Each structure stands twice: as C-alpha cells, then as structure tokens.
Amino acid sequence: MLIFTLTIMVVLLLLGFPMMVPLLAASLFLFFFELEMSNVGLLMGQMISGVQSWALAAVPLFIFAADLMTRGHASQRLLDLVQSFVGHLRGGLPITTAASCTLFGAVSGSTQATVVAMGGPMRPKLLEKGYSDSFSIALIINASDIALLIPPSIGMIIYGVVSGASIGDLFIAGILPGLLILVMFSIYCWIGSVRMGIAPEPKAAWSERLAKARKALLPLGFPLVVVGGIYAGMFSPTEAAAIAVLYAIILEILILRSVKVTELWDVAISTGLITAVVFILVAAGTAFTYVISFAGIPQALLGPVIETIGDSPALVLLLIAVSFFIGCMFVDPIVVILILTPLFKPAVDAAGLDPVHVGVIVTLQAAIGSATPPFGCDIFTAMAVFRRPYMDVIRGTPPFIFILLLATLILVLFPQISLWLPSFAA
C-alpha cells in the first residue's frame, strides 16, 4: 500500500504535475481502494476545514503587503542602508546580502519573494567583486531562508493553525534564531572573503550612512509596527497583517509614490494567484493527512521510533528536526508541516516541550528544505530568476546547509534562544 502510494506521487511529480495533484491522487487512491470508503464528502469536508481557520487570512494580506513593497523602493532602501554600515568590512558585500535578505524577510515573510527582491540587485555586484556565481547564488537562496524565521512568517502561521500554538509568540520566538543564523552566515562570508583574497569596499562616510538611514526609516517601520503591535498586545497576527497592507499602501503609494494606484489591480492578481496555490496546498495536505492517519501509515512508520526514544526532550526535538528536514527535501514545506505536526503532538506533550520552541525548530527545517536538493522551492525560483541550470544553482549550497543544520543543533540544545523574547510577552 505504502509503496504503491509513493509510486503514484513520484510518477506524477516526475511528469511535471504540481504538488497538489499527487497529494489529491494519493488521497483518493487510499480513500477508495485501501480504506474502501465511498462518501467523498468526508474528504471534501476535510479540505474545507483545512482552510477555514481565521488565522490563515493573514497569509494573503502579508503576501499583498510584501508584493507592494517589492515593487516599490523599500527593498532597495534597506539594501543601501545595510551596505553603508557593513560594506567596508572583509566580506562586506556578501554580509550585506545576508543582512538585506534578513531585513526584507521582515517585510515579506516569504523566501521566494526575498530571492527575487534581493537576488536581482545583489548577484551582479557579487560577481563584479570577484565572488563565484555558485557562492553568490547559494548565499542568496540560503540567506533568504531567514525570511521564514523573521516575522511575519507564512510557515509559522501554518504551524500555528495546525498545532494551536500562539502565532504571535511564534513570530517573536523566531527573531533571535534568525539573527543567530545571520551571524553564522556573516562569519562564513568573512572567512570565505579572506581565503579568496577579496578586498573590502571603501568605508562610507557618516553623512552618507545617516542619509541612507533616513531613507530606510519608513521601510524599517514595517516590521516594527507588525512585531511591536503583536508584542504589545495591540492587535492579533491577523489584524497585524491588515495593518501591514495599510502601511504598505500609505508608504509606497502616498509617501514614496513608487507604486501607482492603477498597479494595485496587478498586485491583487499576483497575490490571488500565490494565495490560491498556498490554500490549495493546505486543503490537499489536510485531506492527505486525514487519509494517511486513518490508514495508520505515519504511526506505522514513526510510531516505533517515537516509542523507542521515550519522553527525552532533546531526542524528541532531534527526531522532529530530522523528520521535517528529510520531508522538506522532497515535499513542499507547507505540506510537511500539515502532515507531521499532528503526528508528533503526543510526543511533544509527553516530553513537556514548549510548542512555540518546537515551532521554531519545525519552521527552520522548512526554511532549510526550501533551499535543499532535490526539490527545494528556492532552487527553482533561483533557476527562473538567474536563468542558471539546476546543478549551477545547487553547487555552492552544502556549506550553507551545514551552517543551518548546526544552527538547528544549537537551538535544540539551547531552547532559551527561542523562548527568551516570548517570555517577556507572557
């Protein structure tokens, strides 16, 4: 049963079908032939319930706000600010790239949007400075992964809906882990630049830095309004998403005038298309989770392992990290979160783990999976944006993936990194 189900999914993927088609095909096969159930309304009900959560309304709103600020001047102003402060250091240009991806992640919440927004201006600069194309692309797609940890994070919204964890606490908990990864990437960039003998950029004058800071002040207000409002209890994550849209409209249309009112329709269409893909994935993933859980497949695969490790918090976290990492290498992270999160909930409760800390670990694995072969979504985004073949895009990724896995281990061993900031909001 399991082998045949996996065969159906792999064949459909190899034939070029989007992820929701293999999920639905496998769900229907198990539903009709393995479980011998005929009331397809049960399956439809699961799909509908999967997208009914009010918290999911934040997803299209954050996407809409990010699209507006990507089309406008926000991303370039953030990039200029970072470069003026760290561009003169050894490895200053790649450090600027990583830091800019982090800042833009606080605007977009999407790894793919960050690849597009930061990759366009930064890759030519890195190549001109003497960095290899494989290093430049790998840096961009892996630094963009920080966008899933820095709020607002679409991955954290999905996890919060499935697990019942506070989305506001998840947003706040992702800040320090995201900054930790930025520091680790920056150290690697510094070492790499020294080894390659690449000289730093000239140091910017303080007058130039202050000018760049003034220009970036309003774009920096975006994450401050969203995170600060949630942290202060002024509004919920979903309400914060609506505030984010209003802020983006005021900033890009009325103040900076970088986006015309007539372009809002195109932004709305783009947001609608992306939202449709995300919600169809959520619906299909919910149906697939229901069917395989009813058939006992996850319990049969992971049940013995969970029983073996018992209620050791560190071992449970490591098992969660390994399972999500492997799953996200092959399947869309949203689907993996939908399928595996309910399965691990009993083990998380038995080990006394904080669901917010578990959410940070899970989201980090989703981020790593976004840039990990064979099917990381950021890989294919980079192929389209940079027009480079698959092997060229993934060639430089192993060191960055190693750093991300090392960050996972640090977070497993030191949960306070994730839980320190949420403790102040409790």
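Cut-off values and rules
Residues numbered from 1 in each chain as written. Predicted model: local features only at pLDDT ≥ 70, side-chain atom pairs only at ≥ 80, totals over all residues. Heavy atoms only, no water. Helix = DSSP H or I, 4+ residues; strand = E, 2+ residues; numbered from the N terminus. Contact = heavy atoms within 4.5 Å. Lys, Arg positive; Asp, Glu negative; His and termini not counted. Charge placed at Lys NZ, Arg CZ, Asp CG, Glu CD. Phe/Tyr/Trp six-rings, centres within 6.5 Å; stacked < 30°, edge-to-face > 60°. Buried < 20%, exposed > 50% of the residue type's maximum accessible area, 1.4 Å probe, protein only. Polar contact = N/O pair within 3.5 Å; in protein donor to acceptor, adjacent residues only side chain to side chain. Salt bridge = Lys/Arg side-chain N within 4 Å of Asp/Glu carboxyl O. pLDDT = per-residue confidence, 0-100. Expected span 1.5 Å × (residues − 1). Axes fitted to C-alpha atoms, helices over the stretch in contact; angles between N-to-C directions. Parallel < 35°, antiparallel > 145°, perpendicular 65-115°, else oblique. Left-handed = near helix turned anticlockwise from the far one by under 90°. Nonpolar A, V, L, I, M, F, W, Y, C, P; charged D, E, K, R; others polar. Patch = residues over 30% accessible without salt bridge, like charges linked within 9 Å, V, L, I, M, F, W, Y side chains within 5 Å. Areas by Shrake-Rupley, 256 points an atom, 1.4 Å probe, with all protein chains shown as cover.

Overview of the overall build of the protein
Then step 1. Along its length, the protein carries 22 helices and 0 strands.
Then step 2. The principal-axis extent of the C-alpha atoms belonging to the protein is close to 70 × 50 × 45 Å.
Then step 3. Counting only contacts in the protein whose residues sit at least 6 apart along the sequence, the fraction spanning at least 24 positions is 78%.
Then step 4. Of note, the protein has its 18 positive side-chain charges centred 18 Å away from the centre of its 21 negative side-chain charges.

Quick notes on the packing of aromatic side chains
Then step 1. Evaluated as defined, the whole model comprises 11 aromatic pairs.
Then step 2. The interplanar angle of 35 degrees and the centroid separation of 6.3 Å between the aromatic rings of Phe-135 and Tyr-188 together place this pair among those described as tilted. Pair noted here: Phe-135 is in helix α8 (residues 133-143) and Tyr-188 is in helix α11 (residues 175-196), with a separation of 53 residues, a long-range link.
Then step 3. We classify Phe-135 as buried; its relative accessible area is 9%.
Then step 4. Assessed through its relative accessible area of 27%, Tyr-188 is described here as partly exposed.
Then step 5. The interplanar angle of 80 degrees and the centroid separation of 5.1 Å between the aromatic rings of Tyr-188 and Phe-400 together place this pair among those described as edge-to-face. Of the two residues, Tyr-188 sits in helix α11 while Phe-400 sits in helix α21 (residues 398-413), which places them 212 residues apart along the sequence.
Then step 6. Residue classification places Phe-400 among the buried residues on the basis of a relative accessible area of 0%.
Then step 7. Ring-pair connections join several aromatic residues into one group, and the members of that group are Tyr-131, Phe-135, Phe-185, Tyr-188 and Phe-400.

Concerning helix α9 (residues 154-163)
Think of an α-helix as turning once every 3.6 residues; residues three or four places apart then point the same way.
Then step 1. Among the 10 residues in α9, 8 count as buried, and that is most of the element.
Then step 2. Regarding α9, the residues found buried are Ile-154, Gly-155, Met-156, Ile-157, Ile-158, Tyr-159, Gly-160 and Ser-163.
Then step 3. Check the buried side of α9 and you find it contacts α4 (58-71), α10 (167-173), α14 (264-295), α17 (333-351) and α18 (355-370).
Then step 4. Where α9 starts, the residue carrying a side-chain oxygen 3.4 Å from the main-chain nitrogen of Gly-155 turns out to be Ser-153.

Observations regarding the pattern of salt bridges
Once the charged atoms of two side chains with opposite charge are near each other, the side chains can pair.
Then step 1. Evaluation of the coordinates by the stated rule reveals 7 salt bridges.
Then step 2. Between Asp-133 and Arg-123 there is a salt bridge, and its shortest N-O distance comes to 2.9 Å. Residue Asp-133 is located in helix α8, and its partner Arg-123 is located in helix α7 (residues 111-129); the two are separated by 10 residues in the primary sequence.
Then step 3. Looking at Arg-123, the relative accessible area reads 15%, which means it is buried.

A closer look at the side chain of Ser-27
Then step 1. Mapped onto the fold, Ser-27 is located in helix α2 (residues 20-34).
Then step 2. Ser-27 sits in the buried class, given a relative accessible area of 1%.

Overview of the environment of Ala-366
Then step 1. By the element assignment, Ala-366 lies in helix α18.
Then step 2. With relative accessibility at 2%, the residue Ala-366 sits in the buried group.
Then step 3. Residues Ala-366 and Val-225, 141 residues apart in the sequence, show an inter-C-alpha distance of 26 Å.
Then step 4. What Ala-366 contacts, discounting residues up to four positions off in sequence, is Leu-148, Cys-328, Pro-333 and Ile-337.

A look at the confidence of the model for the protein
Then step 1. Summarising the model, the protein shows a mean pLDDT of 85, and 97% of its residues fall at 70 or more.
Then step 2. Within the protein, no element has a lower average pLDDT than helix α15 (residues 297-309), which sits at 70, and none a higher one than α21, at 94.

Overview of the environment of Thr-271
Then step 1. When you line up the elements, Thr-271 lands in helix α14.
Then step 2. Sequence separation of Thr-271 and Leu-68 is 203 residues, and the distance between their C-alpha atoms is 9.8 Å.
Then step 3. Among all residues touching Thr-271, those that are not within four sequence positions of it are Pro-60, Ile-63, Phe-64 and Asp-67.

A look at helix α16 (residues 313-330)
Then step 1. In a regular helix each residue adds 1.5 Å, so 18 residues correspond to 26 Å; α16 covers 26 Å between its end C-alpha atoms and thus fits that length.
Then step 2. Of all the residues in α16, the buried ones are Val-316, Leu-317, Leu-319, Ile-320, Ala-321, Ser-323, Phe-324, Phe-325, Gly-327, Cys-328 and Met-329.

Structural notes on the packing of α17 against α18
Then step 1. Here α17 crosses α18 at 150 degrees, and the two axes come no closer than 11 Å. Judged on the interaxial angle alone, α18 and α17 are roughly antiparallel. Two packed elements cross with a definite hand, and for α17 against α18 that hand is right-handed. Residue-level contacts link Pro-333, Ile-337 and Val-348 of α17 to Val-358, Val-362, Ala-366 and Ser-370 of α18.
Then step 2. Here the contact of α17 with α18 is built from residues that sort into 6 nonpolar, 1 polar and no charged.

What about a nonpolar patch on the surface?
Then step 1. On the surface, Leu-315, Leu-318, Phe-402, Leu-406, Leu-409, Leu-413 and Phe-414 cluster together to form a nonpolar patch covering roughly 650 Å² of accessible area.
Then step 2. Put simply, the parts of the chain that give the nonpolar patch at least two residues each are α16 and α21.
Then step 3. The element that contributes the greatest number of residues to the nonpolar patch is α21, accounting for 4 residues.
Then step 4. Tracing the backbone through its elements, the reader meets Leu-409 in helix α21.

Focus on the environment of Ala-216
Then step 1. Topologically, Ala-216 is positioned in helix α12 (residues 206-231).
Then step 2. Residue Ala-216 is classed as buried on the basis of its relative accessible area of 0%.
Then step 3. Separated by 67 residues in sequence, Ala-216 and Ala-283 place their C-alpha atoms 39 Å apart.
Then step 4. Those residues in contact with Ala-216 that lie beyond four places of it in its chain are Arg-77 and Leu-81.

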